[in-house]
Structure formats: C-alpha cells, structure tokens
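Here are the chains, one letter per residue:
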Amino acid sequence: MSDVAKLTMPDGKEITLPAYTGTEQEKCLDISALRKETGYVTFDPGFGNTCPSKSSITFLNGEAGILRYRGYSIEDLCEKSDFTSVMYLVIYGELPSEAELAEFNKNLAEHSKIKPQLLKLYESLPQDTHPMVLVSTMLAGLSAHYPQFTNPHDTDQVEQAIFIALGQILPIVSSAYCHGKGKEFNYPSEPISSYGSGLLKMMFGDDYEVDTDVEKILDELLILHADHEFNCSTSTARIVGSSQANLFASLSASVNALWGPLHGGANQKVIEMLEDIANDGGVEAIDKYLAMAKDKTSGFRLMGFGHRVYKNYDPRAKIIKKTCDKVIEKLGVEDPLLAVAQKLEAAALSDEYFTSRKLYPNVDFYSGIVYRALNIPTEMYTPLFALGRLCGWIAHWREQNLDPHARIGRPRQLYMGATERSL
Ligand code: SDX
C-alpha cells in the first residue's frame, strides 16, 4: 500500500499528501502543507475527520466499541487496577510499581489541602451556584496561589502543578458540594483509602461509613471517566495549553467545556430527562419522548444517547449498566428511573431512527442512576465526571507540552462575510 495520496486540485495541479499509519492501523493524511502548496484549506465542521496531533495515551475504536488507556483495556483496568494507579498510568505511560504508587500517593496527600484563602472564593458566590462554576473557579484560582508552579517550560514546576491539581481536585469537588448545601467543609480525620471513599466522607461527613463495594464501584466509575482521547474538553486542555498557558488555567477551561449538555453535562441532563418521563407517565410516555427525539423541530434530544466516535454500544456504558444493577441490589434501593431508562433504551434500540444513525447509550446514560443510589445530587454528576477526567486532561496537556514539534492551535476559516466596502 502506498504511503502517499495523490490529489488533483480544481485547477488541475496534482499534489501528493503523505499518509501515516498509527500503531492500531488507523490511517491519516498529512495536509499540513496543503495551503502553502495549493492555497486551499480543508473544511471539517466539528473536526470529525481531523487529527491535530499524534498521541500515545488512549486508543478507542468506535466501530468495535474498544477503549484502552496506554494499551490496557478499561475492562481489565476496572477489574484488576484502581483509580490512583490508572491516573498514574494515563499521565506517565506505565502502571506504577508499589514504590512508585506509594510515592505518588504521598505527593498527592502532601498537596491535598486547599489554601484557606482560596476557599474564601466561595464566600463571593451564591449558595445555588452550579458546582461546575465553583470547580472551574477554584482550579483557575490555583494559578493565583501557586504562581511558582505555572511555568510550562520548567518540568519540576509542571510536576508540582500536577500533584497540586490531582491532590486538590477531590476537596475542590467535595467543598463545592458543601457550599451548595450551606454546610461546613471538613477534611477527613484519617488518610483516605481511595478518591471514592474520600469523596463520600468529605461530602457526607467524616463519620460516613463507606461500604467497600460502594468504594469499588466509585473507583470503577472514576477509571471509566479517566480519558477519552480528543473529546471536546480534552481538546480544550490541549488548545489552551498550546498557547503556553499554565496547567491550572488549561484545566479550568476544560471544566467549562465539559459542563456543556452535549458533553459531560449530559449526565445531569439524563436524570432530568428520566425524571420528566417518570413524571409524565413513566414507561407509558416513552413513545412520546422518542417521537420528540426524532422530531428535529422539538429541540429535544435523547440525552445519554449518541456519540461522535462510538457507532456501537459505548463500552463504558456496558460496564456502568451492570454496575447499576449491582449498586441497586447492594443498597436495596428501588429507583423507578432505572426501569424507565431500561425501557427507553430497549425502545430506542429497536427504532430505525436510532439504529440507522448508530445511536447507542453512551457513558452518561446510566452513570447518574448509580450516583442517585448513593444520594449524590444531580448537580454533582458533572463535577464527578471532571474528578475522573482531570488526569486525562493533565496527560494530554503534558504530552503536548513535552512535544518539541507542538504549535499553537489556530484553525482557519472559510470567510463568507461582507467583501470590502467603504464608509
Ligand atoms: C460525552 O467525544 C467524547 O468522547 C465525549 C465523551 C467523553 O468521554 O469525553 O464520550 C463524553 O460527551 C458523551 C456524549 C454525551 N452527550 C449526550 O448524551 C447528548 C446527546 N447526544 C448528542 O447530542 C450527540 O449524539 C453528540 C453530541 C454526542 C454527538 O453529536 P454529533 O456527533 O455531532 O452527531 P450529530 O449531532 O451530527 O447527530 C447525527 C444524527 C443527527 O440526525 P440527522 O441530521 O442525521 O437526521 O443523529 C441525530 C442527529 O439529529 N442524533 C440524535 C441524538 N444524537 C444524534 N437524535 C436524537 N437524540 C440524540 N441524542
């Protein structure tokens, strides 16, 4: 097979475009000289056919429903690893040895307290502020409180910034919950055994008894959210970092991108949608909502369904769906929304509109059901997505920051506005 593509331009000029093959046999054409050689740029709304750079962090195959972090499948990592080790793997490329994990945990623990003056930021924000505003504000605030760790060209500063961001994202997310409940935020009196356990204790109080099965379920959810190659919020981390903005500023921007209802904000919207259906007749109303989802003029979308890359069942949704059953059985909770979700999924997957467009449940469809079973409020679902995804954003920012060929991200446009005119 040739490693070039030949392109004949409208004016008859012929050019060749180098073709690359990735380690998983994905193919791409290098168009980086296209404008210089032909005056043309490419048109690709939503960048569905465009790779801004090479990466070695996460591989996903949307047709086959495969997701691997640094070569390890999510199924394997959920079964045999833990979230802190997966954070290390995603960022540094290998699973940590026992000694490396102990050192990593020590570094995170040493940076796990938010400066009291930074916590005062909450006092300026209304109690009903959405926690994603608080999380992005606090991450941006780290730039103010740790200016000595904001030079992206200094690898020691970057490493310290990584420990601070990873160490403080847990108290930031938990204190955002407490702010919303108008309750005092307190750190656990004992060292935490996992991010999931720390989250529940910092949200619900130090005396909260964390069930080990629940701790494992939360750890698994965080692993499943850890990275997902060049999604919207990760691409945000990369493009903000490409201007040589510091890590904290780039992570704050990623939180804001994740918040959108088409992206990470969907997990909250799924529960709100299921509640609307439940309050509107439950399973009897499903056909009505499916019809709305198919009616472009309705403005309604089936939240938690569809994906830019997965044209098969999202492998994360498969695992989370099983987790739903586990946690509901474990906690003995009856959640009417689960029955609605299951019936809605079954109805959609037997409906030609959805199957012809390869619209399947994605990571957000069932995750909220698990959080509900743990009495976590819906406005906290997207912050929990950010808690899991922070390591992925860091990994991509760091990979680009270490790349000597990285350039500032600056797409072109096809100008359709007014031509020159005089006043
Ligand atoms: C995440 O990219 C990632 O990796 C993201 C993520 C990650 O881990 O980072 O996986 C996390 O963001 C998951 C997605 C969460 N969002 C939702 O659940 C919101 C609902 N889904 C969508 O709005 C939509 O499916 C997107 C945003 C996820 C994908 O949008 P695309 O790729 O731009 O697809 P599209 O809008 O072009 O849709 C293609 C067709 C259209 O119909 P036609 O024009 O062909 O007639 O499918 C239809 C759409 O109208 N469609 C839907 C639909 N999703 C797509 N119709 C009804 N309900 C839906 N949910």
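Preceding block: the structure.
The rules behind each value
Residues numbered from 1 in each chain as written. Predicted model: local features only at pLDDT ≥ 70, side-chain atom pairs only at ≥ 80, totals over all residues. Heavy atoms only, no water. Near = heavy atom within 4 Å. Polar contact = N/O pair within 3.5 Å; in protein donor to acceptor, adjacent residues only side chain to side chain. Nonpolar A, V, L, I, M, F, W, Y, C, P; charged D, E, K, R; others polar. Pairing = 2+ DSSP bridges. Helix = DSSP H or I, 4+ residues; strand = E, 2+ residues; numbered from the N terminus. Axes fitted to C-alpha atoms, helices over the stretch in contact; angles between N-to-C directions. Parallel < 35°, antiparallel > 145°, perpendicular 65-115°, else oblique. Contact = heavy atoms within 4.5 Å. Salt bridge = Lys/Arg side-chain N within 4 Å of Asp/Glu carboxyl O. Buried < 20%, exposed > 50% of the residue type's maximum accessible area, 1.4 Å probe, protein only.

Colleague: Describe in detail the site of the ligand, supporting the description with residues and values.
Modeller: By nearness alone, 24 residues border the ligand, and His 228, Arg 301, His 307, Arg 308 and Arg 316 come closest of all. His 228 has a polar side-chain atom sitting 2.6 Å from an oxygen atom of the ligand. Residue classes in the shell around the ligand are distributed as ten nonpolar, seven polar and seven charged.

Colleague: For the sheet that holds strand 1 (residues 4–8), give the residues involved together with the corresponding values.
Modeller: The strands making up a sheet associate through hydrogen bonds between their backbones, and the pairing can be parallel or antiparallel. On the basis of which strands lie adjacent, the open sheet formed by three strands has the order 1-2-3 and antiparallel pairing. Both outer strands of the open sheet, strand 1 and strand 3 (27–29), are each paired with one neighbouring strand and no more. Between one strand axis and the next, the sheet turns through 30° on average, direction left out of account. Pairing analysis gives three bridges linking strand 2 (residues 14–21) to strand 3, with the strands arranged antiparallel. Bridge pairing in strand 3 links Tyr 20 to Cys 28.

Colleague: Tell me about the packing of helix 3 (residues 83–92) against helix 4 (residues 98–110), residues and numbers included.
Modeller: At a minimum axis separation of 10 Å, helix 3 and helix 4 run at an interaxial angle of 95°. Considering their axes alone, helix 3 and helix 4 lie roughly perpendicular with respect to each other. Residues Thr 84, Ser 85, Met 87, Tyr 88 and Tyr 92 of helix 3 lie in contact with helix 4, whose contacting residues are Glu 100, Leu 101, Phe 104, Asn 105 and Leu 108. Classifying every residue of the contact of helix 3 with helix 4 by side-chain character gives six nonpolar, three polar and one charged.

Colleague: Account for the pattern of salt bridges, naming residues and giving values.
Modeller: Should their charged atoms come close, side chains of opposite charge can pair. Tallying each qualifying case throughout the model produces 15 salt bridges. Between Arg 238 and Glu 399 there is a salt bridge, with its nearest N and O atoms 2.3 Å apart. Here Glu 399 lies in helix 18 (residues 381–401) and Arg 238 lies in helix 10 (residues 232–241), a separation of 161 residues in the sequence. The two residues Arg 238 and Glu 399 agree in class, both being buried. Salt-bridge contacts for Glu 272 lead to Lys 269; the nearest nitrogen and oxygen are separated by 3.5 Å. Placement of both Glu 272 and Lys 269 in helix 12 (residues 266–279) is noted, with a separation of three residues, approximately one turn of the helix.

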